[in-house]
Amino acid sequence: MEYTKLNVWLEIGREGRSFFYKDGLNLGVDLGDLVLVRLRGRPMNGLVIGKCNFKEAKNDFLSKHDEKNLFLSNIDELVQKAAVEPRWREWLESMAVKCHTSPFRMLKTALPPGWLGQRKMNKDQKKKLWWISLDDDESTTKLLSARQKELVNFLNRCGGGIWLKSVNAEGFSTGLVMNLISIGRITREKREIFLKSNSIEHIEIDVPIGQLEKPRQLTVEQNSAINLFNSLAKGSTLLLWGVTGSGKTEVYLQLASKELASGRHCLILTPEIGLVPQIVDRFRNRFGTRVLEYHSNCSDKERVTTWRKILNTSTPLILIGTRSAVFLPLSPLGLIVLDEEHDSSYKQEAPMPCYHARDMAIERAQRTGAKVVLGSATPSLWTWKSLLPNGSISLARLESRIAKKSLPSVCVIDMRQELAHGNRRLISRSLMKRLITLSESGDQAIILVPRRGYSSFLSCRSCGEVVHCPHCDVALTVHRGLKGIEWLRCHWCDYRASIERQCHECGSTAFKPFGTGTQRVMDQLSRDLEGLRLLRFDRDTTSGRDGHRRLLEKFASGEADVLVGTQMLSKGMDLPKVTLAVVLAADGLLYRPDLSAEEQALQLFLQLAGRAGRGERPGEVLVQTYCPEHPVIKHLIDGRYEEFLKKESKLRKESGLVPYSRACLLRFSGQSANLTEKVAVSLAKEIQPICDSKGWNIVGPSPALIAKVAGKSRWQILLHGPEFSPLPLPKGSKLWANLPKEVSLSVDPDPLQL
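Within every chain, residues take consecutive numbers counted from 1 along the sequence as written. Confidence filtering applies because this is a predicted model: local features only for residues at pLDDT of at least 70, side-chain atom pairs given and counted only at 80 or more, and all residues used for totals across whole chains, interfaces and linings. Water and hydrogen atoms play no part in the side-chain values, which are based on all heavy atoms of the structure.

Caption draft 1: Inspection of the overall build of the chain at higher detail. Along the chain, the regular secondary structure elements total 23 helices and 31 strands. The Shrake-Rupley method, run with a 1.4 Å probe sphere, supplies the accessible areas, and residue values consider only the shown protein chains as cover. For the chain, the computed accessible surface area is about 35,500 Å², with 50% contributed by carbon and sulfur atoms. Numbering of helices and strands starts at the N terminus; helices are DSSP runs of H or I of at least 4 residues and strands are runs of E of at least 2.

Laid out in structure tokens, this is it:
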């Protein structure tokens with residue numbers, strides 16, 4: 001009997017292995033399909049990478065070839081047809097070579113979590129989902145806001161009730177729903193829905209399309225940017241350089257509208273999950289249920305569902321996500337947008353593969369004929385140097401805010417003068433006066449604090465000993481709970497400990513927290529300014545799927561006067577009532593041991609400044625620093641970001657530093673410090689000849705800046721060579737061939753953190 005013999009790639013070992021199976025159930029399995037098989041009795045999902053026909057032997061006289069075929073197991077189930085398209089896989093494999101990783105690791109990174117690997121066998125089941133329905137009491141309707149009335153009208157068009165997931169898909173947030181529940185206008189209840197395990201079709205509930213937002217009137221600059229984009233050849237890249245509040249998002253929306261009308265998908269990337277809710281809402285208000293999201297705050301099942309919907313749909317979609325969304329199998333793809341393109345979060349540093357979403361997007365666009373838009377008010381030095389005529393990136397500028405609103409003024413507060421006048425608090429006198437007026441004026445403020453937690457570290461005042469994490473080479477951060485209880489926490493490995501009474505070194509009880517975190521700022525503001533309503537915006541307060549959305553909605557609806565947070569505050573948020581943006585401790589960001597410290601600090605400060613004055617009232621920026629003469633502070637005041645880029649470019653070019661050269665970081669990690677060092681030294685000697693022949697220098701090996709994390713010693717080798725030259729490393733897995741199991745090695749081409 002003739003069967004199809006299939007080569008199936010399974011997640012076995014470091015790089016995966018392939019095994020032969022047969023399509024004995026005649027499922028019609030083909031190359032690129034995702035299938036369910038059994039390996040030693042364990043159910044596993046695998047990818048079909050090869051196929052051929054064979055005849056099953058029927059007698060006792062078997063050749064060795066027939067003997068192997070006789071014992072082939074069946075494919076149990078076809079999980080996803082054409083999960084991996086050949087051209088998409090070719091692009092991935094070319095990127096794997098550039099990232100110096102294996103095709104299997106790149107494929108594993110690209111596919112949604114849980115698709116490759118051991119499979120949990122779930123039976124068909126019932127699941128309870130939230131059902132939202134209108135209450136008969138209409139007495140509160142007159143008190144509703146415009147957005148709340150929109151939701152009520154939407155529910156009326158749906159017959160009075162609908163699934164909460166469908167409400168969210170229409171752009172209405174869970175927070176808005178909860179507000180209407182709290183005043184008794186709508187109710188919610190859990191209802192059962194029957195789900196099939198591994199059903200390829202997602203639960204689709206018919207949703208009438210509400211009143212979608214119409215395109216806004218474009219400015220002359222916005223029109224010019226769109227016309228330039230339309231004139232570019234397929235595969236081109238455009239830098240949309242627009243000051244904060246100049247309407248870059250509207251340009252994205254109108255470009256996306258044209259691509260959808262032409263039957264092409266759009267991919268919109270943001271650097272942080274915290275930015276996803278606002279941009280999803282903007283796009284859903286314009287395009288409704290065509291907009292999907294894909295990021296790590298989505299569950300594994302949600303990401304698989306999104307992936308399948310892309311593969312099975314004939315309708316052009318808009319996908320919004322973080323850097324991992326760059327791998328989504330959108331075809332045909334017309335537009336890729338990287339909003340806030342300068343942000344370092346687009347770079348994957350660990351685990352391998354270490355890729356930059358910008359490079360992946362540009363390479364993919366060149367292969368597929370899509371176009372890329374890099375949007376920013378503060379473009380990276382790499383992008384700026386790649387502009388025409390020296391590079392290949394075109395430039396469109398938006399130099400004015402919408403409605404000719406002015407950019408915020410900048411006021412620098414010299415904290416040395418505050419100290420001279422006897423003010424030892426975190427908050428300067430000028431800032432205190434400005435915050436006092438917020439409640440009366442109805443304005444809002446955002447305050448940037450470099451670190452989360454209560455204090456940066458805990459130190460003994462008698463002997464100076466700092467309390468460190470026992471597993472990492474970093475100081476433990478002090479955190480404080482709602483009831484004033486303090487504890488210590490490591491932000492690298494999440495180790496936690498209580499604060500002890502005595503110093504382990506000298507026995508003193510004179511412990512004192514040092515440094516400033518978001519919790520400490522909140523504590524001091526609540527003590528010094530009673531009645532000031534505060535919210536905290538950092539990783540500790542925005543956990544969960546809708547954590548960012550709920551907190552930002554609270555602030556936008558006026559439930560707080562001040563939003564205190566970390567660097568997440570500066571990134572792309574549109575809060576019209578914010579008239580004051582504050583950098584509380586600028587110095588901690590100016591003097592980091594990093595080549596790009598000044599570039600990233602100025603980008604952060606200018607982005608934060610752009611959050612102020614986006615509404616009707618003008619904005620103001622207050623910067624507290626002990627170094628008001630620092631070049632970054634001066635460029636923040638004059639707003640001449642391009643002048644800073646010119647100076648920085650000249651300095652790096654003369655010194656032969658990136659981006660006018662290339663770098664590659666080899667990172668080693670192991671339980672034994674001696675063995676890790678020994679392996680790093682040995683590998684440095686191994687690659688020395690090839691580095692010498694290609695004009696690359698080896699720096700190290702040396703301990704990493706943080707020499708121990710989670711109990712593992714860390715060493716590194718920095719390779720530095722000519723711009724555009726290939727990495728001087730042996731191809732394939734040769735670097736790992738003689739590596740002991742106790743030591744891991746990762747290769748980071750063009751690292752942002754040296």
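That was the structure; now back to the text.
Caption draft 2: Molecular detail of the pairing of strand E15 (residues 371–376). Remark: exposure states derive from per-residue accessible area (1.4 Å probe, protein chains only) relative to the maximum for the residue type, with buried under 20%, exposed over 50%, and partly exposed in between. Burial of E15 is extensive: six of the six residues sit out of reach of the surface. Here E15 shows a buried face lined by Lys-371, Val-373 and Gly-375 and a second buried face lined by Val-372, Leu-374 and Ser-376. The pairing of strand E10 (residues 237–242) with E15 spans five bridges and is parallel. Its bridge partner being in E15, Leu-240 is matched across the sheet by Gly-375. Should DSSP find at least two bridges between two strands, the strands are taken to pair. Two strands pair when backbone bridges link them, and strand E14 (residues 333–339) and E15 are joined in this way by five bridges, in the parallel orientation. Counted as the bridge partner of Leu-335 is Lys-371 from E15. This β-α-β element, E14 to helix H11 (residues 357–368) to E15, shows right-handed connectivity. A clockwise path from the first strand over the helix to the second, with the strands pointing away from the viewer, defines a right-handed crossover.

Caption draft 3: Layout of the packing of helix H19 (residues 597–609) against helix H21 (residues 641–655). An axis is simply a line fitted to the C-alpha atoms; with a helix, the fit covers only the stretch in contact. Between two such axes, the angle follows the N-to-C directions and lies from 0 to 180 degrees. Across the interface, H19 lies against H21 with an axial gap of 11 Å and an inter-helix angle of 170°. Accordingly, the angle class assigned to the pair H19 and H21 is roughly antiparallel. Contact residues: Glu-598, Glu-599, Leu-602, Gln-603 and Leu-606 in H19; Tyr-641, Phe-644, Glu-648 and Arg-652 in H21. Charged residues are taken to be Asp, Glu, Lys and Arg, nonpolar residues to be Ala, Val, Leu, Ile, Met, Phe, Trp, Tyr, Cys and Pro, and polar residues to be all remaining types, Gly included. Taken together, the residues of the contact of H19 with H21 sort by class into four nonpolar, one polar and four charged. Here roughly perpendicular refers to angles of 65 to 115 degrees, roughly parallel to angles under 35, roughly antiparallel to angles over 145, and oblique to all remaining angles. Two residues form a contact once any of their heavy atoms are found within 4.5 Å.

Caption draft 4: Quick peek at helix H6 (residues 174–182). Buried residues of H6: Thr-174, Gly-175, Leu-176, Val-177 and Leu-180, and no others. Looking one or two residues past H6, Gly-184 carries a phi angle of roughly 85°, positive in sign.

Caption draft 5: Geometry of the sheet that holds strand E31 (residues 743–749). With antiparallel pairing, the four strands of this open sheet are ordered in space as E29-E30-E28-E31. Of all strands in the sheet, those bounded by a partner on one side alone are strand E29 (697–709) and E31. Pairwise comparison of adjacent strand axes, ignoring direction, gives a mean angle of 20° for this sheet. By the bridge criterion, nine bridges tie strand E28 (residues 662–670) to strand E30 (residues 712–721) in an arrangement that is antiparallel. Along E30, the bridge assignment pairs Cys-664 with Leu-719.

Caption draft 6: Molecular detail of the pattern of salt bridges. Any Lys or Arg side-chain nitrogen located within 4 Å of an Asp or Glu carboxyl oxygen qualifies as a salt bridge. Applying the stated criterion across every chain yields a total of 34 salt bridges. Across the salt bridge formed by Glu-620 and Arg-434, the nearest N and O atoms sit 3.1 Å from each other. Of the two residues, Glu-620 is situated in strand E27 (residues 620–625) and Arg-434 in helix H14 (residues 429–436); the sequence distance between them amounts to 186 residues. Taking relative accessible area as the criterion, Arg-434 reaches 18% and is therefore assigned buried. For Arg-617, the salt bridge identified is with Asp-443, shortest N-O distance 3.0 Å. Of this pair, Arg-617 sits in the loop between H19 and E27 while Asp-443 sits in the loop between helix H15 (438–441) and strand E18 (444–448), placing them 174 residues apart in sequence.

Caption draft 7: Structural view of the sheet that holds strand E24 (residues 534–537). The parallel open sheet is built from six strands, whose spatial order is E17-E27-E26-E18-E25-E24. Each of the sheet's edge strands pairs with one partner strand only, and the pair in question is strand E17 (409–414) and E24. Geometrically, the sheet is characterised by an average inter-axis angle of 20° between neighbouring strands, direction not taken into account. Most of the contacts of helix H16 (residues 518–528) go to E24, to which it runs at about 175°, and overall it touches E18, E24 and strand E25 (562–565).

Caption draft 8: Examining the state of the cysteines more closely. Any two cysteine sulfur atoms lying within 2.5 Å of each other are counted as a disulfide. Scanning all chains against the criterion turns up zero disulfides. Lacking any disulfide linkage, Cys-354 is separated from the closest cysteine sulfur, that of Cys-99, by 7.6 Å. A residue is classified by how much of its surface remains accessible, and Cys-354, at 2% relative accessible area, is buried.

Caption draft 9: Summary view of the nonpolar core. We define the nonpolar core as a collection of buried residues of types Ala, Val, Leu, Ile, Met, Phe, Trp, Tyr and Cys that are connected through side-chain atoms lying within 4.5 Å of one another. Counting 88 residues, the largest nonpolar core has Trp-88, Leu-107, Leu-267, Phe-327, Leu-328, Leu-563 and Phe-605 as its most contacted members. Residue contributions to this core peak at seven residues, all from H19. Look past the residues within four positions of Leu-267 in its chain and what remains in contact with it is Leu-319, Ala-325, Val-326, Leu-328, Leu-330, Leu-333, Leu-335, Ile-336 and Val-337. Of all hydrophobic cores here, the second largest spans 28 residues; its members include Phe-229, Tyr-252, Cys-266 and Phe-287.

Caption draft 10: Spotlight on the packing of aromatic side chains. Only the six-membered ring of Trp is used, alongside the rings of Phe and Tyr, when aromatic pairs are assigned; centres must lie within 6.5 Å, and planes under 30 degrees apart are stacked while those over 60 apart are edge-to-face, with the rest tilted. Counting across every chain of the model gives 11 aromatic pairs. Note on Phe-154 and Phe-172: the rings are 5.5 Å apart at their centroids and 40° apart in plane angle, and the pair reads as tilted. On the criterion of sequence distance, the pair formed by Phe-154 in helix H4 (residues 146–157) and Phe-172 in the loop between helix H5 (164–169) and H6 is long-range, its members being 18 residues apart. Judged by relative accessible area, which is 6%, Phe-172 ranks as buried. Chaining the aromatic ring pairs together yields one cluster made of Trp-88, Trp-115, Tyr-294 and Trp-307. Sitting over a ring, as applied to charges here, requires NZ of Lys or CZ of Arg to be within 6 Å of the ring centre and within 35 degrees of the ring normal. Over the aromatic face of Phe-20 sits the side chain of Lys-5, whose NZ or CZ is 4.4 Å from the ring centroid. Directly above the ring of Trp-382 sits Arg-358, whose terminal nitrogen or CZ lies 3.8 Å from the centroid.

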